[in-house]
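Take a look at the letters that make up each chain.
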Amino acid sequence: MIDFTRRKVLGVAAGTMASAIGTADLTQPAAADDAADLVLFVKLSAALTGIDAAQLAPPIDPIQIKRAYFRQAKTDPGFESLMQIVRANPADPVGAANKIMNSSNQQIKYLGRSIILAWYLGAWYQPMVLAQTPPPSPVTPLKVISPTAYTQAWAWRVAQAHPMGYSELRFGYWSDEPLPIEDFVKARGA
Amino acid sequence: MRNLRELAIVAVGAAFVCMLNLHAYAQAPISDAAADINPPVANCNLTPDTAPDPHDQSKHVATPIDSKLLTLGQPCHQVVSQKGLSTDALANLQRGFDFYSWLTFIALNSPADGETIGQGPRPGGDAATKWEALSNYRPLAAVMLEKGSEPTWGTRIVPELCKPLDAPGKIILQLGEAAWDQPFKTGPLIDQNGNYALFDILINKPMFDFIDDNGLYSKQGQERFDRDIVFPEGVNPAANTPGRMGAVMLKVSWHILDPSSGKTLMRQFHTADALIYFPGPPATKTGPTCVAKTLGLIGFHVGHKTKFAPQWVWSSFEHVRNAPNEKQVAERDLHPPYTFFNAGCPQCPNNKTPPSPWDPPASLQFHSNHKSQVIRSIIFPDAVAREVDDLNKRFRTLLKGTVWENYMLITTQWPSDAQSKTDCNGAPMPTFLANTTLETYSQGQVPLASSSCMACHGNATTRHVPAIASDFTFVHEKAQCESDFCGSPAASKSTAGTKRCGLGGGMPQ
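Residues numbered from 1 in each chain as written. Chains lettered and ligands numbered in written order. Predicted model: local features only at pLDDT ≥ 70, side-chain atom pairs only at ≥ 80, totals over all residues. Heavy atoms only, no water.

Facing the 40 residues of chain B at the interface are 25 residues of chain A. A buried area of about 2700 Å², summed over both sides, lies between chain B and chain A, and 56% of it is on carbon and sulfur atoms. Here A:Arg188 ties to B:Asp417 by a salt bridge, and the two come within 2.8 Å at their closest N and O atoms. At the surface where chain B touches chain A, the tally comes to five residue pairs in polar contact (both at pLDDT 80 or more). Elements with a contribution of two residues or more to the side of chain B that touches chain A: helix H3 (89–108) and strand S13 (428–429) of chain B. Ranked by residues supplied to the side of chain B that touches chain A, first place goes to H3(B) with three residues. Considered class by class, the residues forming the side of chain B that touches chain A number 19 nonpolar, 16 polar and five charged. (Contact = heavy atoms within 4.5 Å. Buried area = accessible area lost by both parts, 1.4 Å probe. Salt bridge = Lys/Arg side-chain N within 4 Å of Asp/Glu carboxyl O. Polar contact = N/O pair within 3.5 Å; in protein donor to acceptor, adjacent residues only side chain to side chain. Helix = DSSP H or I, 4+ residues; strand = E, 2+ residues; numbered from the N terminus. Nonpolar A, V, L, I, M, F, W, Y, C, P; charged D, E, K, R; others polar.)

Below, the structure is given as structure tokens:
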């Protein structure tokens, strides 16, 4: 499992600001030939983020945010090359994630990082912007992928909290201890 | 011999535990006191939307939508399955819930006198419905009384000013802001005749009894209540256990009909002769006064707390004439007349709140010539829209020739992850749901800003300070203060050890 801790993720995102919100509806069902890739994309995302696949994309999933991130990632020129690595050994997404994050191909290497940031922050950071040396300060995302992506961003849950203006917790939750982190990021019963 | 005896003891013990488990529900077992609040019912409708194909158990076939469904009663809880007509488990569950919603609609709108829906004595087979009978449902205004007085089930409260206008069969609609102002105070809805749409909230007896028995009908009563608010749930019968209906609440919307000039129109709506009571300030700027109107039903929300849905199941219906959807407008596929859309002005600004002032006068005619131009936003995935459309066609065909063929299901919102500890709204499916008459101005797909029954109702609390979560209903906010004295905020109650969604348990040290 990639050791991509909350500190590292928030460190990358520190000082950023949201730019224009993407307006395209990215949650329409993928074409039939994308269905298999979508499954691999979720497995890869679990390995990249450290969050269980069953949390990222529950079996019964009304929100389908995975499709939004899949379609966004697919717009990047490095996506096909990235997916080839995953397809080469679908049973080992952790191995694929390691290869991606350490790839000598900058497009693939930083696309992996963009995917992590999409899941954690609900925003799309262009891989080639992340790859700049030195990186820009702040690193500005291209866009917040959607209003739903904002509310579903995993940074909030990893912080055992919720986005500004949106909470799925019951009234009065602030007067009690937060739930354990495992309740947020691990599959139930894991 | 000794081993056999030990084996027998273990077997008996296991059987005893199994018997106990038959009485286990998603929440705590029903106590004797709770059983009175949520008594057994004899006729829970157990019909699922599909069943295994007798010729091929790996497949499912649709339950016929025929006249048998008109008399089977109301489901006490949803009967749904991941297996169904599709290979998509989510789609199958959604269809199951939508089918349950139609069964609920038919049962609640059946005549109060026990006849079959659509076979009443009025035009279009219309009749006073089960939910309009005070023996079955009670308007919220008759629950949350002045001075926090205890309500009495079944009694008909006729305000003094309404008595000269009263007659058998009339319903009393007492106005407060919620009766004409949309949620989030987004404004009134004005029909194409310039009349206000009116809204009412009603609760069934288990829900009423929970409020009454626990003193929650007054602000101080809510302060004195020292437990979590957990309404009784509906559950279908199982071996050795009866079915129970659980808490059901309704929100209905009406528009004003003119019986003399719209006879054809009258046959297309469920109607009620109503006495509209304006209590006067602070509830209404106008009044006190009472007016008589004929109302046509235009919207119908049902919230039902059921087994496996502690976040409740939310069904929404509306009249087919309310407004076109945005696709119909774009394609000029219009079928006027609409109650809330002028087909002659498709480019008119739509879904805009009326100009102020908003408080209705006694005539219930809007003060300017503004008329709401409403378009139904398309906010569901295509697959849901297609499935609902298919069910609507079939059920409306079943109800053909009656007023009820003019009503359609928008869809059903339900918790796709009812046991989630981190999403206390249960991951609503679909994410958004709005009725053009009840959430006109909050249709959309922006989280929390756009209408979602569960995301909004998940924030409901009691009226007292500090408030507590009130189990997905805003009814408690309407409680009045005892003897006109509201008192000071009550002391905080400890929640230590309370296991509720979203809480780790225990106050921080």
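One full turn of an α-helix is made of 3.6 residues, so residues set three or four places apart face in the same direction. Along helix H5 (residues 79–88) of chain A, the residues that are buried comprise A:Phe79, A:Leu82, A:Met83 and A:Val86. Down the axis of H5(A), the smallest arc covering the buried residues is 95°, so these residues share one side. (Buried < 20%, exposed > 50% of the residue type's maximum accessible area, 1.4 Å probe, protein only. Arc of directions from axis to C-beta.)

All names here are of chain A. Within the secondary structure, serine 103 is located in the loop between helix H6 (93–101) and helix H7 (106–121). Serine 103 sits 21 residues away from leucine 82 along the chain, and the two C-alpha atoms are 9.7 Å apart. Setting aside chain neighbours within four positions, we find serine 103 in contact with Ile108 and Lys109.

All names here are of chain B. Per the stated rule, a full pass over the model turns up five disulfides over all chains. Put simply, cysteine 345 and cysteine 348 are joined by a disulfide, and their sulfur atoms are 1.6 Å apart. Disulfide cysteine 345 to cysteine 348: torsion about the S-S bond roughly 85°, handedness right-handed. The exposure class of cysteine 345 is partly exposed, given its relative accessible area of 21%. Looking at cysteine 348, the relative accessible area reads 24%, which means it is partly exposed. For chain B, the disulfide bridges join cysteines in the arrangement 1-2, 3-4, 5-6, 7-10, 8-9, where the cysteines are counted in sequence order. Here cysteine 453 stays unpaired: no disulfide links it, and the sulfur of cysteine 456, its closest cysteine neighbor, is 8.5 Å away. For cysteine 453, a relative accessible area of 11% corresponds to the buried category. (Disulfide = S-S within 2.5 Å.)

What follows is about H7(A). All names here are of chain A. Over its 16 residues, H7 runs 22 Å from end to end, which matches the ideal 22 Å to within 8%, given 1.5 Å per residue. Within H7, twelve of the 16 residues are buried, which leaves it mostly tucked inside the rest of the structure. For H7, the complete set of buried residues consists of Ile108, Tyr110, Leu111, Gly112, Ser114, Ile115, Ile116, Leu117, Ala118, Trp119, Tyr120 and Leu121. Two to three positions downstream of the cap, the backbone nitrogen of glutamine 107 sits 2.8 Å from a side-chain oxygen, assigning the N-cap of H7 to asparagine 105. Glycine 122 sits one or two residues past H7 and shows a positive phi near 70°. (Expected span 1.5 Å × (residues − 1).)

Residue and element names in this part refer to chain A. Following both chains from N to C, one finds H5 and H6 inclined at 145°, their axes separated by 8 Å at the closest point. Note that H5 runs across H6; the crossing there is right-handed. Here Leu82, Ile85 and Val86 of H5 come into contact with H6, specifically with Ala96, Lys99 and Ile100. Partitioned by chemical class, the residues of the contact of H5 with H6 number five nonpolar, no polar and one charged. (Axes fitted to C-alpha atoms, helices over the stretch in contact; angles between N-to-C directions. Left-handed = near helix turned anticlockwise from the far one by under 90°.)

A separate point is the side chain of B:Asn92. Residue and element names in this part refer to chain B. Following the sequence through the fold, asparagine 92 ends up in helix H3. Residue classification places asparagine 92 among the buried residues on the basis of a relative accessible area of 5%. The contacts of asparagine 92, once residues within four sequence positions are left out, are Asp49, Ser81, Gln82, Lys83, Gly84, Leu85 and Ser86.

What follows is about empty space enclosed by the protein. In this structure the tally under the stated criterion is two cavities of 30 Å³ or more. Around the largest cavity sit 17 residues that line it, and A:Tyr166, B:Pro428, B:Thr431, B:Pro447 and B:Ala455 are the ones nearest its centre. Top element by residues in the lining of the largest cavity is helix H9 (residues 147–152) of chain A. It accounts for three residues. Residues that form the lining of the largest cavity fall into these classes: eight nonpolar, seven polar and two charged. Taken as a whole, the second largest cavity holds about 30 Å³ of empty space. Lining the second largest cavity are B:Asn45, B:Thr47, B:Pro75, B:His77, B:Val79, B:Gly96, B:Phe99, B:Tyr100 and B:Leu103. (1 Å grid on protein atoms, 1.4 Å probe; cavity = no way out; pocket = protein on both sides within 12 Å on 5 of 7 lines; lining within 4 Å. Points joined across faces, edges and corners; volume = space filled by probe spheres on them.)

This part is about the packing of aromatic side chains. Working definition: an aromatic ring pair is given by the centre-to-centre distance plus the angle between the planes. Scanning the model with the defined rule gives 25 aromatic pairs over all chains in all. With centroids separated by 4.8 Å and ring planes inclined at 75°, the aromatic side chains of A:Tyr69 and A:Trp119 adopt a geometry described as edge-to-face. One end of the pair, A:Tyr69, is in helix H4 (residues 65–74); the other, A:Trp119, is in helix H7, and 50 residues separate them in sequence. Like A:Tyr69, the residue A:Trp119 is buried in the burial classification. Between the aromatic rings of B:Phe105 and B:Phe317, the centroid separation amounts to 4.2 Å while the plane-to-plane angle is 25°, which identifies the pairing as stacked. Here the residue B:Phe105 occupies a position in helix H3, and B:Phe317 occupies one in strand S11 (residues 309–319), the gap between them amounting to 212 residues. Pairwise contacts between aromatic rings join B:Phe99, B:Trp102, B:Phe105, B:Trp131, B:Trp254, B:Phe300, B:Phe317, B:Phe395, B:Trp404 and B:Tyr407 into one cluster. (Phe/Tyr/Trp six-rings, centres within 6.5 Å; stacked < 30°, edge-to-face > 60°.)

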